[in-house]
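Residue-level listing of the chains:
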Amino acid sequence: MKESKKKELLDWVKSTVITCVIVIATMTFIVSPTRVGGASMMPTYQDGDFVLVNKIGKKISGIERFDVILFITPNDELYIKRVIGLPGDHVAYKKDTLYVNNEAFEEPYLDLHKKQLLDTSSLTKDFTLQSLTDHSTIPEGYLFVLGDNRRNSIDSRYSSVGLVPLEKVLGKANVRFYPFDSVGIVK
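What you see is a predicted model; the values in this text were computed from it and never measured.

Chemist: Quick question: what am I supposed to make of the overall build of the protein here?
Modeler: Scanning the protein from N- to C-terminus turns up four helices and twelve strands. Residues classed as buried in the protein amount to 36% of the 187 residues present.

What follows is the structure, encoded as structure tokens:
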């Protein structure tokens, strides 16, 4: 009887240790939960939403235009923003339209926000990459990011963030797991 209790306890300890190792490895190398702080990504993400950050997605499929990423700013803060420009791109906004390499792009994730504007001014003020960064194109190894709440976002338009070095990108944030009524893949 004593032997079976020892074996049962040992099995329980083994199971617990293995589970802890798997959870720690998963959170370290594959995905990690992160809380969205602030309103800069509204309406896509709300303040207090919890997202899963896919750490291996950037290594497997790379980072693409319009991906939402989590990165570390020069002030060692974690920010979540949308990738607008990739290395070699020229980015500009004119009359609330995004132009990348002189081609207009639609941004359907901004439609709800644009409809909610009470005034007739634009959601995103006009700019060129050159006017913000002194670069005519995004240098190799960097990204240009914007928050979806363009009027309330500290992003690549500001010197405190600037162009984001690829090595500062922690991963892609495209799965919301809280609040429960909004769980799912977000684009």
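Chemist: Honestly, the pairing of strand β11 (residues 169–178) in this entry has me stumped. Any pointers?
Modeler: Each regular strand displays side chains that alternate between the two surfaces of the sheet. Taken together, the five bridges between strand β2 (residues 50–54) and β11 define a ladder with antiparallel strand orientation. By the bridge assignment, Phe50 is partnered in β11 with Tyr178. The pairing of strand β3 (residues 68–72) with β11 spans three bridges and is classified as antiparallel. Looking across to β11, one finds that Ile69 is bridged to Lys172.

Chemist: Can you help me understand unusual backbone geometry in this one?
Modeler: Trans peptide bonds make up the majority, and among non-glycine residues the majority have a negative phi. The omega torsion across Met42 and Pro43 is 5 degrees, close enough to zero to call that bond cis. Relative to the assigned elements, Pro43 resides in the loop between β1 (31–35) and β2. Unlike most non-glycine residues, Asn101 shows phi in positive territory, near 55 degrees.

Chemist: How should the nonpolar core be read in this particular structure?
Modeler: Side chains of a nonpolar character, in soluble globular proteins, are inclined to be buried together. Counting residues in each nonpolar core, the largest one holds 14 residues, and the members touching the most others are Ile84, Val91 and Phe144. Not counting the four nearest positions on each side in its chain, Phe144 is found in contact with Arg82, Val83, Ile84, Gly85, Val91, Phe127, Leu129, Leu132, Ile138, Ser156, Arg157 and Leu163. Core analysis: the next-biggest nonpolar cluster, separate from the first, contains eleven residues, Ile69, Phe71, Val83 and Leu143 among them.

Chemist: So what exactly am I meant to see when it comes to a nonpolar patch on the surface here?
Modeler: A cluster of nonpolar side chains, Leu9, Trp12, Val13 and Val17, forms an exposed patch at the surface whose accessible area comes to about 420 Å². Among the structural elements, Leu9 can be located in helix α1 (residues 2–29).

Chemist: Explain the environment of Ile72 to me, please; I cannot follow it from the model alone.
Modeler: Position of Ile72 among the secondary structure elements: in strand β3. Once residues lying within four places of it in the same chain are set aside, the contact partners of Ile72 are Glu77, Leu78, Lys168 and Leu170.

Chemist: Quick question: what am I supposed to make of the side chain of Asp155 here?
Modeler: Along the polypeptide, Asp155 turns up in the loop between β9 (142–146) and β10 (164–165). A distance of 3.0 Å separates polar atoms of two side chains, one belonging to Asp155 and the other to Ser153. Setting aside chain neighbours within four positions, we find Asp155 in contact with Lys81, Val145, Leu146, Gly147, Val161 and Gly162.

Chemist: For this particular structure, what's the right way to read the pairing of β3?
Modeler: Of all five residues in β3, four are buried, a share of seventy percent or more. Two strands pair when backbone bridges link them, and β3 and strand β4 (residues 78–85) are joined in this way by five bridges, in the antiparallel orientation. Within the sheet, the bridge partner assigned to Phe71 lies in β4 and is Tyr79. Connecting the antiparallel pair β3 and β4 is a turn made up of five residues, with Asp76 showing a positive phi of about 60 degrees.

Chemist: Please clarify how the packing of aromatic side chains should be interpreted in this entry.
Modeler: Each aromatic ring pair is described using two quantities: the centre-to-centre distance and the angle formed by the ring planes. Enumeration over the complete set of coordinates arrives at six aromatic pairs. With a centroid separation of 5.9 Å and an interplanar angle of 55 degrees, the aromatic rings of Phe66 and Tyr109 are classed as tilted. Here the residue Phe66 occupies a position in the loop between α2 (57–60) and β3, and Tyr109 occupies one in the loop between β7 (103–105) and α3 (111–116), the gap between them amounting to 43 residues. Between Tyr93 and Phe127, the ring centres sit 5.5 Å apart and the planes meet at 40 degrees, which makes this aromatic pair tilted. Of this pair, Tyr93 sits in strand β5 (residues 91–94) while Phe127 is found in strand β8 (residues 127–128), placing the two residues 34 residues apart along the sequence. For Tyr93, a relative accessible area of 3% corresponds to the buried category. One aromatic cluster is present, formed by Phe66, Phe105 and Tyr109 through successive ring pairs. Lying over the aromatic face of Phe105, Arg65 brings its terminal NZ or CZ to 5.3 Å of the ring centre.

Parameters at a glance
- Residues numbered from 1 in each chain as written.
- Predicted model: local features only at pLDDT ≥ 70, side-chain atom pairs only at ≥ 80, totals over all residues.
- Heavy atoms only, no water.
- Helix = DSSP H or I, 4+ residues; strand = E, 2+ residues; numbered from the N terminus.
- Buried < 20%, exposed > 50% of the residue type's maximum accessible area, 1.4 Å probe, protein only.
- Pairing = 2+ DSSP bridges.
- Core = buried A, V, L, I, M, F, W, Y, C linked by side-chain atoms within 4.5 Å.
- Contact = heavy atoms within 4.5 Å.
- Patch = residues over 30% accessible without salt bridge, like charges linked within 9 Å, V, L, I, M, F, W, Y side chains within 5 Å.
- Areas by Shrake-Rupley, 256 points an atom, 1.4 Å probe, with all protein chains shown as cover.
- Salt bridge = Lys/Arg side-chain N within 4 Å of Asp/Glu carboxyl O.
- Polar contact = N/O pair within 3.5 Å; in protein donor to acceptor, adjacent residues only side chain to side chain.
- Phe/Tyr/Trp six-rings, centres within 6.5 Å; stacked < 30°, edge-to-face > 60°.
- Lys NZ or Arg CZ within 6 Å of the ring centre and 35° of its normal.

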